[in-house]
Amino acid sequence: MFDFSGTLFRIESAAQWLRAVATKAGLDVPEGELDACVSRLEEFGAQPGGVPPRTVPPHLEALWRERDLTAERHRAAFTALTREAKLPAADLAEALYERSQVSGAWLPYPDTEATLRALRGRGIPVAVVSNIGWDMRPVFRDHGCDLVDAYFLSFERGVKKPDPRIFQMACDKLGVAPGDALMVGDEPVADVGAATLGCRVHLVDPLPVDQRPGALAEVLQLL
C-alpha cells in the first residue's frame, strides 16, 4: 500500500503553482508581490499536497479537520485558506484549486514507475491509500504510472487515515492479511495508522522530486 502525495508523486512548488495560474489569467503581478503571496500561501498550507499549514484560522479549523472526507469539504477548505493569503486577484482561489488537480502540476518521484513495475513483475498487488478530496487516477495514467490494482481514497470511502478501516478495506481488496501488508507513506500519524492492524509501515521523506532519487527502491528490499 502506498500513499500518494509526498510518497509516489510530488506537487509543483507553491511558486510554480501561483505563477502558472497568474500567467494563465493574464495578470501582470510584480515579482515581489508574487513572492510575498507565495509565502502567505505556504503559511496557510493553502496548496493541496504542499507544505502543511503553520496557521489555520479558528473559523476554518473544523473544516480543515474534515477536508479529506468529501470532495466538497476539500475544495471549500483549500479555497478558503487560499483566500486568507490575500491573492493578487480574488477569483484566483478557484483557479489555483483547479490547477492542483491537473497532471502537469504533479511529478512522480524518479523511482516511482520502476518500483511499481518491479512489484507488478513480482506479482505483488498494489493499492494507493490516500487522504485526498479528488480523483488522482488520471495523474497516474498521464505519467505512465498506472500500475496500481486498487485505489482507496478518503473522499470516496468516507473514512481517512489513520482510521484502520481504510487500511483494512485495502487489504481485503488485495486479498492479503494485514500482517502480510506493507504501508509506505510519508506521514508519521496518518500512515502509521496501518500498524494498528498489524501492517508493517515504511516511511519516506517527502522531499522535492530532485532531492529524493531512490527512496522507493528500498521498498523492494523489504518484500
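Details of the structure are given in the entry above.
Analysis parameters
- Residues numbered from 1 in each chain as written.
- Predicted model: local features only at pLDDT ≥ 70, side-chain atom pairs only at ≥ 80, totals over all residues.
- Heavy atoms only, no water.
- Helix = DSSP H or I, 4+ residues; strand = E, 2+ residues; numbered from the N terminus.
- Rg over C-alpha atoms; globule rule 2.2 N^0.38 Å.
- Buried < 20%, exposed > 50% of the residue type's maximum accessible area, 1.4 Å probe, protein only.
- Contact = heavy atoms within 4.5 Å.
- Areas by Shrake-Rupley, 256 points an atom, 1.4 Å probe, with all protein chains shown as cover.
- Lys, Arg positive; Asp, Glu negative; His and termini not counted.
- Charge placed at Lys NZ, Arg CZ, Asp CG, Glu CD.
- Phe/Tyr/Trp six-rings, centres within 6.5 Å; stacked < 30°, edge-to-face > 60°.
- Lys NZ or Arg CZ within 6 Å of the ring centre and 35° of its normal.
- 1 Å grid on protein atoms, 1.4 Å probe; cavity = no way out; pocket = protein on both sides within 12 Å on 5 of 7 lines; lining within 4 Å.
- Points joined across faces, edges and corners; volume = space filled by probe spheres on them.

1. Some remarks on the overall build of the protein chain
Next up, step 1: The helix and strand inventory of the protein chain stands at ten helices and six strands.
Next up, step 2: Here the C-alpha radius of gyration of the protein chain, 18 Å, is about what a compact globule of 223 residues would show, namely 17 Å.
Next up, step 3: The dimensions of the protein chain, computed from C-alpha atoms along their principal axes, are 55 × 35 × 25 Å.
Next up, step 4: Looking at the protein chain as a whole, 47% of its 223 residues qualify as buried.
Next up, step 5: Long-range pairs, those at least 24 residues apart, make up 62% of the contacts in the protein chain between residues at least 6 apart in sequence.
Next up, step 6: Accessible surface, the protein chain as shown: approximately 10,100 Å² in total, 52% of it carbon and sulfur.
Next up, step 7: Side-chain charges of the protein chain comprise 24 positive and 32 negative groups, with the mean position of each set lying 3 Å from the other.

2. A look at the packing of aromatic side chains
Next up, step 1: Scanning the entire structure with this criterion turns up eight aromatic pairs.
Next up, step 2: Note on Trp64 and Phe78: the rings are 5.4 Å apart at their centroids and 75° apart in plane angle, and the pair reads as edge-to-face. Of this pair, Trp64 sits in helix α3 (residues 61–65) while Phe78 is found in helix α4 (residues 71–84), placing the two residues 14 residues apart along the sequence. Phe78 shares its class with Trp64; the two are buried.
Next up, step 3: Its guanidinium or amino end placed over the ring of Trp64, Arg67 lies 3.6 Å from that ring's centre, counting from NZ or CZ.
Next up, step 4: Sitting over the ring of Tyr109, Arg212 keeps its end group 3.5 Å from the ring centre.

3. Looking at the layout of surface pockets
Next up, step 1: The calculated volume of the largest pocket comes to roughly 1,100 Å³.
Next up, step 2: Taken together, 45 residues line the largest pocket, and the ones lying closest to its centre are Ser5, Gly49, Gly50, Pro52 and Asp186.
Next up, step 3: Contributions of two or more residues to the lining of the largest pocket are made by β1 (9–11), α1 (14–24), α3, α4 and β2 (106–108).
Next up, step 4: The space that makes up the second largest pocket amounts to roughly 190 Å³.
Next up, step 5: The wall of the second largest pocket is formed by 14 residues, among which Met1, Ile124, Pro125, Ala181 and Leu182 lie closest to the centre.

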